[in-house]
Amino acid sequence: MTADLMAALRSVIGADFVKQGSDIPERHWTDATETARICPKALLLPGSTEEVSAVLALCFQAGQPVVVQGGLTGLAGGARPQEGEIALSLQRLTGIEEIDVESRTMTALAGTPLYVVHEAAEKVGLHYGVDLGARGTCTIGGNVATNAGGVQALRYGVTRRNVLGLEAVLADGTVLTGLNKMLKNNTGYEWAQLMIGSEGTLGVITRVSLALSPAPLAFQTALCAVANVTDAAAVLGRLEQLFSGRLVTFEGMWREYMDVTDRLGTLPEPFAERPEITLLIEVALGDGQEAQDLLAEALSTLMEEGRIADALLAQSLQDRQRFWAYREANYEFHRVMPVGEHYDISLPINVMDDAITHLRRETAAAMPGCIFIAFGHVADSNLHLAIYPDRSTGDLSAANRIVYDAVGLFKGSISAEHGIGMIKRPYLSRSRTPAELALMKTLKRTLDPAAILNRDRIFVTG
Ligand SMILES: Cc1cc2nc3c(=O)[nH]c(=O)nc-3n(C[C@H](O)[C@H](O)[C@H](O)COP(=O)(O)OP(=O)(O)OC[C@H]3O[C@@H](n4cnc5c(N)ncnc54)[C@H](O)[C@@H]3O)c2cc1C
């Protein structure tokens, strides 16, 4: 049966694009979580939507489970293979097919890396509003499948808001084409919205139609020291009021995060005294002294009001890069920290201070010597947490319970932007009601009755 299937797959996409055994590069054995490394039964590299359709039809008929792979930067374990799965990679479906400057839209193939989307938009004076640290490797199809958020969601929204239409292939090979380019198109069920954030469980995205925005003015960038989230929220509110539609980034790094950044030994201490929260703020005000003065004035008023303890304004591109380096330092924490547990939760902003106090206290009590860090997209209610064990005990046994109990206590969400994948699957019922879970399962059964696509991602397919 398997030999027949392999032969049929080779005949539709070519033997060079059906890899097996040691021909499968190891990067396809896992995703960025690196939580398990399993060589897929085969790696399929289709080169067109028609080929994606043909291979899925064959796998569907054979009941062969398939895991969909984009750039493999996912942080929920969704793209990493399970035993017996065939991996279907979108890496050959890459390229920008159209930029319509008048309609401000772009059509791109799903395997196109995010940075290519950015560069193509920039070349015609436009901007694609979703940006994330994995921009060099993640694909636009993976971004849509995970409804990625990132560092400009405050201004442009998450991926969902930036997608106008899709082309996708269902599990049985049916091709759905809805590459809509208009903001308004009220013509019944919007299946594309259903695909967004479905993490490859409902269909394989092959093309995307994206909404672009006018290129923003140059950014003014600042680091601000604040004493708590209440003050950060006041700063956020004021800047939004003053610079309506121009505040693009508002990120927070709690003091333990800056302690670990300090251990890397690559960045100077930004403030004389380490604050509870260091904010990274970007406002699209243009370049030049006048623009800088506008932000400086706003921040000094907030200092006079006691909302900000200290602030630094970037005076050069190097300063801007350094300010961003604090925020992206977490990608290097593995160099100085033991293996930890990582979380991507949302919490309402008004309870964030209490939640951080609670999490610090509970983690210290249950796992003495552990290090708890928090950082992330504060304006989007999105916190990334990491808990590193004390090196002598390696104990992280209470970490999941404490974090997910806190999510329940403070009425947050177990995943803000990375998705559920396989890693957060056991906790889904904490963020979704039984009726919601039942509807998800009904949708899955309807669109993928043989449960071949990304089986057991988000929930156990059953
Ligand atoms: C350094 C770093 C920074 C990050 N920062 C952010 C951030 O700020 N915000 C954020 O939201 N995420 C972030 N992430 C997580 C990750 O980059 C995103 O989830 C991204 O959208 C995944 O894209 P990918 O192409 O790598 O998808 P993959 O990892 O390959 O896949 C992710 C999921 O989508 C499915 N999938 C992939 N392509 C398709 C397709 N064409 N059709 C159907 N299903 C598909 C996979 O099966 C899997 O379930 C970060 C990751 C890293 C490593």
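This structure is a prediction, so every number in the text was calculated from the model and none was measured.

1. A closer look at the sheet that holds strand β5 (residues 96-100)
Thinking step 1. Reading across from one edge, β5-β6-β10-β8-β9 is the order of the five strands in this open sheet, with antiparallel pairing throughout. The two strands at the open ends of the sheet, each matched to only one other strand, are β5 and β9 (175-178). Put simply, the sheet's adjacent strands are angled 15 degrees from each other on average, direction ignored.
Thinking step 2. Where strand β6 (residues 105-109) lies against strand β10 (residues 204-211), five bridges are found, and the strand directions are antiparallel. Within the sheet, the bridge partner assigned to L109 lies in β10 and is R207.
Thinking step 3. Strands β5, β6 and β10 of the sheet are contacted by helix α3 (residues 114-123), whose axis makes an angle of about 35 degrees with β5.

2. Some thoughts on the packing of helix α8 (residues 229-242) against helix α10 (residues 289-304)
Thinking step 1. One way to put it is that α8 packs onto α10 with a least axis distance of 11 Å and a crossing angle of 145 degrees. In the packing of α8 onto α10, the handedness of the crossing is right-handed. On α10, the residues touching V235, R238, L239 and L242 of α8 are L295, A298, L299, T301 and L302.
Thinking step 2. For the contact of α8 with α10, the per-class residue count stands at seven nonpolar, one polar and one charged.

3. Brief notes about the sheet that holds strand β1 (residues 18-19)
As a general point, the strands of a sheet are linked pairwise by backbone hydrogen bonds and lie either parallel or antiparallel.
Thinking step 1. Taken in spatial order, the four strands line up as β1-β2-β4-β3 in an open sheet, and their pairing is mixed. Only two strands of the sheet have a single partner each, and these edge strands are β1 and β3 (66-69).
Thinking step 2. Here strand β2 (residues 42-44) runs beside strand β4 (residues 86-89); their pairing, made up of three bridges, is parallel. Bridge pairing in β4 places A42 opposite I86.

4. Points about the pattern of salt bridges
Thinking step 1. Applying the stated criterion across every chain yields a total of 24 salt bridges.
Thinking step 2. A salt bridge links E269 to R274, with the shortest nitrogen-to-oxygen separation between them at 2.4 Å.
Thinking step 3. Between R360 and E276 there is a salt bridge whose closest N-O contact spans 3.0 Å. Placement of R360 in helix α12 (residues 352-366) and of E276 in the loop between α9 (255-264) and β14 (277-284) is noted, with a sequence separation of 84 residues between them. We note that R360, like E276, is buried.
Thinking step 4. If you follow the salt bridges from partner to partner, you end up with R255, E256, E276 and R360 in one network.

5. A few points about α3
Along an α-helix, residues three or four apart share an orientation, since each turn contains 3.6 residues.
Thinking step 1. Of the residues making up α3, those classed as buried are L114, V117, H118, A120 and A121. What you see down the axis of α3 is that its buried residues fit within an arc of 170 degrees, all on one side. Residues of α3 that are exposed and angled more than 90 degrees away from the buried face: E122 and K123.
Thinking step 2. In this fold, the buried residues of α3 make contact with β5, β6, β7 (126-127), α4 (140-146) and β10.

Rules used throughout
- For every chain, the first residue of the written sequence is number 1, and numbering continues from 1 along that sequence.
- Given that this is a predicted model, residues contribute local features only at a pLDDT of at least 70 and side-chain atom pairs are listed and counted only at 80 or more, while totals for whole chains, interfaces and linings are drawn from all residues.
- Derived side-chain values reflect all non-hydrogen atoms in the structure, with water molecules and hydrogen atoms excluded from consideration.
- We treat two strands as partners when DSSP finds at least two bridges between them.
- Strands are runs of DSSP state E lasting at least two residues, helices are runs of H or I lasting at least four, and both sets are numbered from the N terminus onward.
- The axes used here are C-alpha line fits, helices contributing only the stretch in contact, and every angle between their N-to-C directions lies in the interval 0 to 180 degrees.
- Any two residues whose heavy atoms approach within 4.5 Å at even a single point are treated as in contact.
- Each crossing gets its hand from how the near helix is turned against the far one by less than a right angle, where anticlockwise is left-handed and clockwise is right-handed.
- Under the scheme applied, nonpolar residues are Ala, Val, Leu, Ile, Met, Phe, Trp, Tyr, Cys and Pro; charged residues are Asp, Glu, Lys and Arg; polar residues are all the others, including Gly.
- Salt bridges are counted wherever a side-chain nitrogen of Lys or Arg sits within 4 Å of a carboxyl oxygen of Asp or Glu.
- We call a residue buried when its accessible area falls under 20% of the maximum for its residue type, exposed when it is over 50%, and partly exposed in between, using a 1.4 Å probe and counting protein chains only.
- To be clear, the arc concerns the directions from the helix axis to the C-beta atoms.

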